[in-house]
Amino acid sequence: MSVVGTHGEAEIERPPTGTAAAPETPLRRLMADYFESRLATAAFVLLVTIIALALLAPLIVPQNPYNLAEVDVLDSRLPPGTKGMAGYTYWLGTDGAGRDLVSAMLYGLRISLAVGVVSCLIATVIGAAVGLIAAYVGGRTESLLMRLVDLQLSFPAILIALILIAILGKGVDKIIIALVTVQWAYYARTVRGTALAEMSKDYVEAARCLGLSHARILFRQILPNVLPPLIVVATVQAAHAIALEATLSFLGVGLPRTEPSLGLLISNGFEYMLSGKYWISFFPGVVLLATIMAINLVGDQLRDVLNPRLKR
Amino acid sequence: MTAAVEAEVVNRAPTLEVVDLKTHFFTKAGVVRAVDGVSLRVAPGEVLGLVGESGCGKSVTGYSILGLIDPSGRIVSGRIAFAGRDLVRLPEDELRALRGSRIAMIFQDPMMTLNPVLRVDTQMVEAILAHRRMPHGEAWALARDALAQVGIPSPERRLKSYPHELSGGMRQRVAIATAFINKPDLVIADEPTTALDVTIQAQILHEAQELCRRTGTAMIWISHDLAVVSSLADRIAVMYAGVIVEEGRASDVIGAPLHPYTRGLLGSVPSANARGTRLAQIPGMTPSLINLAPGCRFRARCPRADAECTSEPAISEPLAHRQVRCWRPHLEGAMP
């Protein structure tokens with residue numbers, strides 16, 4: 001079939017790079033770049049460990065802290081290492097309601113992570129859609145959407161969240177709505193900026209010349225190119241969401257007291273801090289810190305790896 | 001091209017006929033008359049070279065045919081007859097159905113026109129499925145055959161590559177294969193070889209020409225490079241400041257240019273037998289397209305200009321199959 005151009009072989013055949021078995025896909029390259037840094041690798045391992053602990057919590061911990069039948073109020077505020085009435089040792093002590101702190105923390109971690117990740121995903125989808133549409137349509141639609149973003153970002157996140165919780169009431173779903181509301185604007189702004197830059201590139205013009213529909217150009221051609229910054233923002237914002245949820249819970253406006261997240265655990269132990277019962281607030285605080293730090297470190301490294309301008 | 005084939009080309013109904021096309025851009029500084037009365041026609045299987053300096057309106061002519069003018073610009077008047085319809089008056093969704101299926105475009109820089117994060121097969125299959133309903137596997141097979149046709153060895157492997165894994169020449173081959181994949185009636189190529197080195201350029205030219213001959217696709221090859229166009233095109237149209245100043249068979253236009261501007265262009269091409277001598281330049285600059293003085297647009301730079309040139313010359317046909325927009329064409333050198 002090849003009638004023409006067989007004379008072009010010399011130019012066409014390029015020496016295979018790297019190992020022959022592994023074709024270089026963007027993902028492979030990304031992973032190789034990512035794990036170059038030892039700190040980032042450690043952060044990644046830590047994050048995976050934390051997520052695994054949270055997912056497997058019911059299998060690991062001795063007690064279901066939400067089951068009142070398993071919790072003994074007489075065991076409340078025991079220091080770390082005490083052996084309890086139920087026959088197992090409270091390695092990190094117990095909180096004011098007599099919950100084993102290890103169990104309460106891992107269950108709390110589940111809630112914190114779930115709230116952070118879910119709100120982050122929803123905010124990503126909404127923000128990305130708004131940003132893409134604003135960039136693609138332009139004109140008045142763009143101005144309107146972007147002023148909305150400015151308005152949103154001009155208020156402190158905690159203030160908006162508090163107002164929303166005050167209106168909506170307590171509960172996991174309400175917290176997620178509040179977090180999405182304060183976060184979508186970051187995604188929208190990032191995506192719009194990147195999409196605008198992408199749209200001036202020739203491949204978009206070429207896609208137009210191929211007669212692709214607007215939806216196809218937007219979601220199949222431009223969106224994949226916008227993903228790198230979107231992933232970075234999503235990582236950092238997931239950490240923010242977890243911190244914000246902890247803050248709201250600490251202020252006592254977040255989740256129900258019977259099913260404490262990390263922030264609520266910290267809040268519960270706060271009153272005992274001065275009387276020397278440090279562990280109730282301290283250990284959940286450490287876990288929260290480790291989680292947020294791990295996510296942020298992973299996000300930082302992703303930003304370096306995904307940004308072509310920072311390539312060494 | 002033999003005489004018989006040529007006669008056939010002339011007699012066949014043209015694939016595309018542009019009549020008195022005017023595309024103007026409305027900017028703050030004034031109205032830019034980028035295309036100001038262009039008429040041209042291309043027959044099936046024919047390659048028309050559209051030549052001119054940067055900013056003479058040749059690319060805008062191409063984009064006008066595709067209906068992809070930037071918002072500040074607009075087709076003011078004229079007719080673009082294609083497949084029995086006038087593209088100027090066609091609604092956007094019908095135009096989009098034509099783009100990529102009946103009219104395709106090849107761009108200058110193959111590094112930029114392929115989506116950097118999508119595999120070659122994704123992009124080619126997308127181009128097919130935008131216009132035809134068929135199973136994904138069938139579209140994939142079409143893409144593979146299309147790559148084989150433009151001389152890409154082991155097309156299966158290439159389809160699974162990302163654009164950055166391909167060389168410049170290969171990427172342009174992919175772009176050409178994509179343009180031809182829906183068997184278009186017309187392909188507009190906007191300086192597709194400018195970014196390639198000379199040896200690859202020759203191959204690409206050859207392949208594009210072959211494809212047109214084989215499929216009967218008409219092609220408009222936009223270029224600033226007369227040498228490239230002369231080796232490829234059947235006919236050449238020379239554009240200057242928004243109008244076509246000369247048109248004719250490639251050999252005629254190159255061999256005996258009628259318009260002083262074409263002469264100037266040919267004179268400024270370096271050649272081996274004029275080594276050491278200073279290249280002929282066309283004096284002056286291309287005029288601003290905002291405030292064009294009446295009369296011949298080339299007047300200020302033309303060595304033959306006289307009083308008559310202050311009125312706009314009409315297009316005339318002083319010789320068979322040759323058109324020129326000039327009061328003082330170089331008829332003395334041309335065979336009658």
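Residues numbered from 1 in each chain as written. Chains lettered and ligands numbered in written order. Predicted model: local features only at pLDDT ≥ 70, side-chain atom pairs only at ≥ 80, totals over all residues.

Of regular secondary structure, chain B possesses 12 helices and 12 strands. In terms of overall size, chain B behaves like a compact globule, its C-alpha atoms giving a radius of gyration of 21 Å where 336 residues would be expected to give roughly 20 Å. Its C-alpha atoms give chain B principal-axis dimensions of roughly 65 × 50 × 40 Å. If you take every contact in chain B between residues at least 6 apart in sequence, the share linking residues at least 24 apart comes to 66%. (Helix = DSSP H or I, 4+ residues; strand = E, 2+ residues; numbered from the N terminus. Rg over C-alpha atoms; globule rule 2.2 N^0.38 Å. Contact = placed C-beta atoms within 7 Å.)

Glancing now at the sheet that holds strand 1 (residues 16-27) of chain B. All names here are of chain B. With antiparallel pairing, the 4 strands of this open sheet are ordered in space as 2-1-4-5. Looking at strand neighbours, the two that pair on one side only are strand 2 (30-42) and strand 5 (85-86), the edges of this open sheet. Packed onto the sheet, helix 2 (residues 58-66) meets strand 1, strand 2 and strand 4 (73-82) and runs at close to 105° relative to strand 1. (Pairing = 2+ DSSP bridges. Axes fitted to C-alpha atoms, helices over the stretch in contact; angles between N-to-C directions.)

To continue, consider the pairing of strand 3 (residues 47-51) of chain B. Residue and element names in this part refer to chain B. Counting buried residues in strand 3 gives 5 out of 5 residues, a clear majority hidden from the surface. By the alternation rule, side chains of strand 3 split into Val47, Gly49 and Val51 and Leu48 and Leu50, which are all buried. With 5 bridges connecting them, strand 3 and strand 8 (residues 218-223) associate as parallel partners. Looking across to strand 8, one finds that Val51 is bridged to Ser223. One ladder, built from 4 bridges, connects strand 3 with strand 9 (residues 235-240); its direction is parallel. Each residue of the ladder has a partner; that of Leu48, found in strand 9, is Arg235. (Buried ≥ 20, exposed ≤ 12 C-beta atoms within 10 Å, placed from the backbone.)

The next subject is the sheet that holds strand 3 of chain B. All names here are of chain B. Across the sheet, 8 strands lie side by side as 6-7-8-3-9-10-12-11; this open sheet has mixed pairing. Across the chains shown, the open sheet's two edge strands, defined by having one partner strand only, are strand 6 (103-106) and strand 11 (316-319). Averaged over all pairs of adjacent strands, the angle between strand axes in this sheet comes to 20°, irrespective of strand direction. Strand contacts of helix 2: strand 3, strand 6, strand 7 (186-190), strand 8 and strand 9, with the helix running at about 150° to strand 7, the strand carrying the most contacts.

The next subject is the interface of chain B and chain A. On the side of chain A, 27 residues touch chain B, which itself brings 38 residues to the contact. Residue contributions to the side of chain B that touches chain A peak at 5 residues, all from helix 9 (residues 198-215) of chain B. A class-by-class count of the residues in the side of chain B that touches chain A yields 20 nonpolar, 11 polar and 7 charged. (Nonpolar A, V, L, I, M, F, W, Y, C, P; charged D, E, K, R; others polar.)

Moving on: the pairing of strand 2 of chain B. Here strand 1 of chain B pairs with strand 2 of chain B via 9 bridges, running antiparallel. Within strand 2 of chain B, the residue paired with B:Thr23 across the bridge is B:Val35.

A few words now on helix 7 (residues 172-199) of chain A. In this model helix 7 of chain A runs 39 Å from its N-terminal to its C-terminal C-alpha over 28 residues, within 8% of the 40 Å that 1.5 Å per residue would give. Approximately 35° is the largest bend angle found in helix 7 of chain A, and it occurs at A:Gln183. (Expected span 1.5 Å × (residues − 1). Bend = angle between axes of the 7 residues up to and from the residue.)

Moving on: the environment of A:Gly269. Residue position: A:Gly269 is located in helix 10 (residues 262-270). In sequence terms A:Gly269 and A:Ile242 are 27 residues apart; their C-alpha atoms lie 19 Å from each other.

Moving on: the nonpolar core. Note that soluble globular proteins tend to have their nonpolar side chains buried in a common cluster. Judged by nonpolar contacts, the single largest core of 176 residues is most densely connected at A:Met105, A:Leu179, B:Trp221 and B:Val238. The element that contributes the greatest number of residues to this core is helix 4 (residues 101-137) of chain A, accounting for 17 residues. Once residues lying within four places of it in the same chain are set aside, the contact partners of A:Leu179 are A:Val115, A:Ser119, A:Ala161, A:Ala241, A:Leu244 and A:Glu245. (Core = buried A, V, L, I, M, F, W, Y, C linked by C-beta atoms within 7 Å.)

On to unusual backbone geometry. Residue and element names in this part refer to chain B. In the Ramachandran plot, Ser154 falls in the positive-phi region, its phi being about 40° despite a non-glycine side chain. Tracing the sequence through the fold places Ser154 in the loop between helix 6 (136-149) and helix 7 (155-159). The class of Ser154 is exposed, set by 11 C-beta atoms lying within 10 Å. Positive phi values are uncommon outside glycine, yet His321 reaches one of about 60°. When you line up the elements, His321 lands in the loop between strand 11 and strand 12 (322-324).

Of all residues in chain B, 94% have pLDDT values of 70 or greater, and the mean over the chain is 87. Per the prediction output, this complex has pTM 0.79; the corresponding ipTM is 0.81. (pLDDT = per-residue confidence, 0-100.)

Taken over all residues, the pLDDT of chain A has a mean of 85, while the share at 70 or more is 91%. Within the model, the stretch residues 1-21 of chain A combines pLDDT values under 50 with 29 contacts to residues more than four positions away or in other chains.

Residue and element names in this part refer to chain B. By secondary structure assignment, the location of Val60 is in helix 2. With 24 C-beta atoms packed within 10 Å, Val60 lands in the buried category. Once residues within four sequence positions are removed from consideration, Val60 is found in contact with Thr23, Ala34 and Val35.

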